[in-house]
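Residue-level listing of the chains:
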Amino acid sequence: MADFSQIAKQFVQFYYDTFDDDRMKLAPLYTEQSMLTWEEKPFQGTTNIITQLQELPFRQVKHQVATLDAQPSDEQGSILVFVTGALLVEAEQRPMSYSQTFQLKRNGDSYIIFNDMFRLVYPAA
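Here's a quick rundown of the structure. Here the structure is a predicted model, which is why all the values come from computation and not from measurement.

1. A word on the nonpolar core
In step 1: One finds Tyr-15, Phe-19, Tyr-30, Leu-53 and Phe-102 to be the most contacted residues of the largest nonpolar core, which totals 31 residues.
In step 2: A total of seven residues in this core trace back to one element, the largest contributor, which is helix α1 (residues 4–21).
In step 3: Once residues lying within four places of it in the same chain are set aside, the contact partners of Tyr-30 are Tyr-15, Thr-46, Ile-49, Ile-50, Leu-53, Ile-113 and Asp-116.

What follows is the structure in structure tokens.
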């Protein structure tokens, strides 16, 4: 069995590179049972998730990962992944902090995103 931490690192690199290039290409990572929560709003199923990602109010984005933590999460090989980082959106020079959690579920020899939770992190008042 491959090392869960290495799988998580490879997944995160692929996910954000793909997101930053063409969000439509993320569709094969989700299933009809997958769930995305984006800033409190839930979306279930591949079509609803990809539609939400496509309708975000920015076209150009660059993710910069600061931290990545991973844990095995069940006996079937699922992996819980927690990421923090910065988003550079359009021509904005001030990055926005974010956190994102993925529940990766084994699907044959690969993984799908079963759960995905994204949240911008605002400075404490």
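Next comes the rest of the account.
2. A closer look at the packing of aromatic side chains
In step 1: On inspection of all chains with the given rule, the structure shows nine aromatic pairs.
In step 2: With centroids separated by 5.3 Å and ring planes inclined at 80°, the aromatic side chains of Tyr-15 and Tyr-16 adopt a geometry described as edge-to-face. Each member of the pair, Tyr-15 as well as Tyr-16, is classed as buried.
In step 3: Geometrically, the ring pair formed by Tyr-98 and Phe-118 is stacked, given 5.7 Å between the ring centres and 15° between the ring planes. Of this pair, Tyr-98 sits in strand β5 (residues 96–107) while Phe-118 sits in strand β6 (residues 110–121), and the two are 20 residues apart along the sequence. With respect to burial, Tyr-98 and Phe-118 carry one shared label: buried.
In step 4: An aromatic cluster is built from Phe-11, Tyr-15, Tyr-16, Phe-19, Trp-38, Tyr-98, Phe-102 and Phe-118, whose rings are joined through pairwise contacts.
In step 5: Note that Lys-105 overlies the ring of Phe-114, its terminal NZ or CZ placed 4.5 Å from the centroid.

3. A look at the environment of Met-35
In step 1: Checked against the element boundaries, Met-35 lands in strand β1 (residues 30–38).
In step 2: Remark: the alpha-carbon pair of Met-35 and Phe-4, spanning 31 residues in sequence, is separated by 22 Å.

4. Overview of the sheet that holds β5
In step 1: With mixed pairing, six strands are arranged side by side in an open sheet as β2-β1-β6-β5-β4-β3. Looking at the sheet topology across the chains shown, the edges are occupied by β2 (41–44) and β3 (61–72). Strand after strand, the sheet turns through a mean of 20° between neighbouring axes, direction not considered.
In step 2: Two elements, β5 and β6, share eleven bridges in a ladder whose sense is antiparallel. Considered in β6, the bridge of Ser-99 is made with Arg-119.
In step 3: The strands touched by α1 within the sheet are β1, β3, β4 (79–89), β5 and β6, with β3 carrying the most contacts at an inclination of about 155°.
In step 4: Here helix α2 (residues 46–54) sits on the sheet in contact with β1 and β2, set at roughly 40° to β1.

Criteria and thresholds
- Residues numbered from 1 in each chain as written.
- Predicted model: local features only at pLDDT ≥ 70, side-chain atom pairs only at ≥ 80, totals over all residues.
- Heavy atoms only, no water.
- Core = buried A, V, L, I, M, F, W, Y, C linked by side-chain atoms within 4.5 Å.
- Buried < 20%, exposed > 50% of the residue type's maximum accessible area, 1.4 Å probe, protein only.
- Helix = DSSP H or I, 4+ residues; strand = E, 2+ residues; numbered from the N terminus.
- Contact = heavy atoms within 4.5 Å.
- Phe/Tyr/Trp six-rings, centres within 6.5 Å; stacked < 30°, edge-to-face > 60°.
- Lys NZ or Arg CZ within 6 Å of the ring centre and 35° of its normal.
- Pairing = 2+ DSSP bridges.
- Axes fitted to C-alpha atoms, helices over the stretch in contact; angles between N-to-C directions.

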